[in-house]
Amino acid sequence: MAHFGVVAPAFLSHFTTLGALAGALVDRGHKVTFIHRPDAAMFVRDPRIGFHAVGTATHPPGSLAASMRLAANPGGPLGVSRVIGDMARSTTMLCEALPAAVGRLRVDVLLADQMEAAGGLVAEALCLPFISIACALPVNREPGIPLPVMPFGPGTDAKSLKIVEESTRVYDWMMRPHRRAVEAQARRLGVPVRGMLHEFLSPHAQISQTVEAFEFPRRALPSHFHHVGPLRPVTDRPDTRTLPAIAADRPFVFASLGTMQGGRFGLFRRIAQACRAADVQLLLAHCGGLDARQADALKTAGATWVTDFAPQQAALARADAVISHAGWNTVMDAVAAQTPMLALPIAFDHPGGAARMRHAGVGIQASARFTGASRLARHLVRLLDDPTFTQRLEPLAAKVAQAGGTARAADIVEAALR
């Protein structure tokens, strides 16, 4: 049996996704250990999965909270620059600490999140097998396919190709501090010098939470790239969280902005007001981002129930619509549940998730910043009244069910080892 080391950004959503795959590998007799800064240990919820802390000198206990606050709400260009700088420092720390940690732990294989270059870079330097996992949208590049952070769709005509090329150039310019940090580590570790995320993907296996039917048309993915759909736990351990008593005589809407954006009280208030105007029941999950006073204010504004965490898959299976930030985990769960989406993209790959939703015709997009409650209510009514959204979701949900999910991902990992 193998010992897998997991390298990923220190975000709950990434650790949860990779934790599902880790749990499946543990079920098959393997050993799995996440490796990151000390604070990230709180994201490993399965006691069967190990955690090894590194980088205490530069990323001491208690420092992650500030990084998460900055990433959740960077503000203007200066804030975005700070987020990129923080990413660069984290990657530098991992590149410096991973070789010794991998040796000490006797890791056989690395599971490397696509969004953290350190995994692939260090594996290459150590001649260690590694497998790339796209927890968010794939970073694999090809002409005519927008980067995950871009809000527009694909195209092969001259105009579309130019838009993608120019937007990619702007993105690469903004990411210069991170690229330079990665290039410096490549030189230090003695691997061919490059610095972009897509340049450190596995030659053995690449696994993505996408399905081909709900992704932009790809023509240049490697043969070892696998669309497996959502990575969710395969164990029989029940989710003890329950749904409230939902009345059958009115539509039910679930709203969540994910684990990083749950502190956006103003946006949640507009959502609550919109649901009151549309006369629907609203379950709002803020993922611990709000306090009790704010939760009560949202109930006053129109939310039927407000909670920190809800059983998302169960909520989506019951919901007539979902209002979300278009984070990829929520988008894929909504597709699997055939739940139409009102997308309010905020940051990171949210614009890319919303663009794929629009491309498939399974939801409506609005501005998280500028759309008022009355317009949100009109979007929601249209989403609930138009059956074509659900009709388009049905074949996509079937493709998700057929993709294999976590069990197939574990099969691919084991096959790559052989």
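Coordinates for the structure precede this section.
This is a predicted model, so every value here is computed, not measured.

Asks: Can you walk me through the overall build of the protein chain in this structure?
Replies: Of regular secondary structure, the protein chain possesses 14 helices and 13 strands. Its C-alpha atoms give the protein chain a radius of gyration of 21 Å, within 12% of the compact-globule value 22 Å for 418 residues. Principal-axis analysis of the C-alpha atoms places the extent of the protein chain at approximately 60 × 50 × 45 Å. Residue burial in the protein chain is summarised as follows: out of 418 residues, 56% are buried. Taking contacts inside the protein chain between residues at least 6 apart in sequence as the whole, the part at least 24 apart equals 66%. Accessible surface for the protein chain amounts to roughly 17600 Å². Of this, 54% is attributable to carbon and sulfur atoms. Both charge centroids of the protein chain, one from 43 positive and one from 33 negative side chains, sit 5 Å from each other.

Asks: In this structure, what is going on with the sheet that holds strand 3 (residues 50–53)? I would like to understand it.
Replies: Strand-to-strand pairing in sheets goes through backbone hydrogen bonds, with the strands running parallel or antiparallel. The 7 strands lie next to each other as 3-2-1-4-5-6-7, forming an open sheet whose pairing is parallel. Each of the sheet's edge strands pairs with one partner strand only, and the pair in question is strand 3 and strand 7 (225–227). Along the sheet, successive strands turn relative to each other by an average axial angle of 25°, direction set aside. Bridge count for strand 2 (residues 31–36) against strand 3 is 4 bridges, and the pairing is parallel. Among the inter-strand pairings, His-36 is bridged to a residue of strand 3, identified as Ala-53. Packed onto the sheet, helix 3 (residues 77–105) meets strand 1 (3–7), strand 2, strand 3 and strand 4 (109–113) and runs at close to 145° relative to strand 2.

Asks: Sorry if this is basic, but what is going on with the packing of helix 3 against helix 6 (residues 176–189) here?
Replies: Each packed pair of helices is defined by two parameters, the angle between the axes and the distance between the axes. One can describe the packing of helix 3 onto helix 6 by two numbers: an axis separation of 8 Å at closest approach and a directional angle of 15°. Between helix 3 and helix 6, the crossing angle belongs to the class labelled roughly parallel. For the element pair helix 3 and helix 6, the recorded crossing hand is right-handed. Contacts from Ile-84, Met-87, Ala-88, Thr-91, Thr-92, Cys-95, Glu-96 and Pro-99 of helix 3 reach helix 6 at Pro-177, His-178, Ala-181, Val-182, Gln-185, Arg-188 and Leu-189. Along the lines of polarity and charge, the residues of the contact of helix 3 with helix 6 split into 9 nonpolar, 4 polar and 2 charged.

Asks: So what exactly am I meant to see when it comes to the pattern of salt bridges here?
Replies: Close approach of charged atoms allows side chains with opposite charge to pair. The tally for this structure, following the rule as stated, stands at 15 salt bridges. A salt bridge links Arg-28 to Glu-414; the shortest N-O distance between them is 2.9 Å. Residue Arg-28 is located in the loop between helix 1 (12–27) and strand 2, and its partner Glu-414 is located in helix 14 (residues 405–417); the two are separated by 386 residues in the primary sequence. The partly exposed category is assigned to Arg-28, whose relative accessible area is 29%. Glu-414 gets classed as buried once you look at its relative accessible area, which sits at 17%. Between Arg-250 and Asp-279 there is a salt bridge, with its nearest N and O atoms 3.3 Å apart. Pair noted here: Arg-250 is in the loop between strand 7 and strand 8 (252–256) and Asp-279 is in the loop between helix 7 (265–277) and strand 9 (281–285), with a separation of 29 residues, a long-range link. Ionic contacts of the salt-bridge type, sharing partners, join the residues Glu-142, Glu-215, Arg-218 and Arg-356 into one network.

Asks: Explain the sheet that holds strand 8 here, please?
Replies: Here 6 strands make up an open sheet; going across it, the order is 10-9-8-11-12-13 and the pairing parallel. The open sheet has two edge strands, strand 10 (305–307) and strand 13 (363–365), and neither has a second partner. The mean inter-strand angle of the sheet, taken between neighbouring strand axes irrespective of direction, is 15°. Both strand 12 (residues 341–343) and strand 13 contribute to a ladder of 3 bridges, which runs parallel.

Asks: I'm lost on the packing of aromatic side chains in this one. Help?
Replies: Pairs of aromatic rings are described using the distance from one ring centre to the other and the angle between the two planes. Per the stated rule, a full pass over the model turns up 5 aromatic pairs. Seen in terms of ring centroids, Phe-11 and Phe-348 are 6.4 Å apart; in terms of plane orientation they differ by 55°. Their pairing is tilted. Remark: Phe-348 occurs in the loop between strand 12 and helix 11 (350–360) and Phe-11 occurs in the loop between strand 1 and helix 1; sequence separation between them is 337 residues. Put simply, the rings of Phe-15, Phe-34 and Phe-43 pair up and form one aromatic cluster.

Asks: Got a minute to help me understand the environment of Val-122 in this structure?
Replies: Relative to the helices and strands, Val-122 is located in helix 4 (residues 117–126). The exposure class assigned to Val-122 is buried, which follows from its relative accessible area of 1%. Along the backbone, Val-122 and Val-102 are 20 residues apart, and their C-alpha atoms lie at a distance of 9.5 Å.

Asks: I'm lost on the pairing of strand 2 in this one. Help?
Replies: When a strand is regular, its side chains alternate between the sheet's two faces. Where burial is concerned, most of strand 2 is hidden: 5 out of the 6 residues are buried. The sheet contact formed by strand 1 and strand 2 spans 4 bridges and is parallel. Across the sheet, the residue bridging to Gly-5 is Thr-33, located in strand 2. In this fold, the crossover linking strand 1 to strand 2 by way of helix 1 has right-handed handedness.

Asks: Before we go on, may I ask you to explain the pairing of strand 5 (residues 130–134) in this structure?
Replies: Burial of strand 5 is extensive: 5 of the 5 residues sit out of reach of the surface. Examined bridge by bridge, strand 4 and strand 5 share 4 bridges and lie parallel to one another. Opposite Leu-111, over in strand 5, you have Ile-131 as the bridge partner. Regarding the hand of the β-α-β motif, the stretch spanning strand 4, helix 4 and strand 5 is right-handed.

About the criteria used
Residue positions within a chain follow its written sequence, with the count starting from 1. Per-residue local features of the predicted model are confined to residues with pLDDT of at least 70, and side-chain atom pairs are confined, for both listing and counting, to 80 or more; whole-chain, interface and lining totals are unaffected and use all residues. Side-chain measures here rest on the full set of heavy atoms in the structure, leaving out hydrogens and waters. Helical segments are the DSSP runs of H or I of at least four residues, strand segments are the runs of E of at least two, and each set is numbered from the N terminus. Only the C-alpha atoms count toward the radius of gyration. The rule for a globule is 2.2 Å times the residue count to the power 0.38. Here the term buried applies to any residue with accessible area under 20% of the maximum for its type, exposed to any over 50%, and partly exposed to those in between, with areas from a 1.4 Å probe on protein chains only. Residues are treated as being in contact if the distance between any of their heavy atoms lies within 4.5 Å. Each accessible area value is a Shrake-Rupley result obtained with a 1.4 Å probe; residue values ignore everything except the protein chains displayed when judging cover. Under this rule, positive means Lys or Arg and negative means Asp or Glu; His and the chain ends count for nothing. For the purpose of locating charges, the reference atoms are NZ of Lys, CZ of Arg, CG of Asp and CD of Glu. A pair of strands counts as paired when DSSP detects no fewer than two bridges linking them. Axis definition: a line fitted to C-alpha atoms, limited for helices to the stretch in contact. Angles are taken between N-to-C directions and run from 0 to 180 degrees. The scheme is simple: roughly parallel for angles under 35 degrees, roughly antiparallel for over 145, roughly perpendicular for 65 to 115, oblique for anything else. Crossing chirality is assigned from the near helix's rotation relative to the far helix, an anticlockwise turn below a right angle marking it left-handed and a clockwise turn marking it right-handed. Under the scheme applied, nonpolar residues are Ala, Val, Leu, Ile, Met, Phe, Trp, Tyr, Cys and Pro; charged residues are Asp, Glu, Lys and Arg; polar residues are all the others, including Gly. Salt bridges are defined by distance alone: a side-chain nitrogen of Lys or Arg within 4 Å of a carboxyl oxygen of Asp or Glu. By convention, a stacked pair of Phe, Tyr or Trp rings (six-membered ring in the case of Trp) has centres within 6.5 Å and planes under 30 degrees apart, an edge-to-face pair has planes over 60 apart, and any other such pair is tilted. Handedness of a crossover: with both strands directed away from the viewer, a clockwise path from the first strand across the helix to the second marks it as right-handed.

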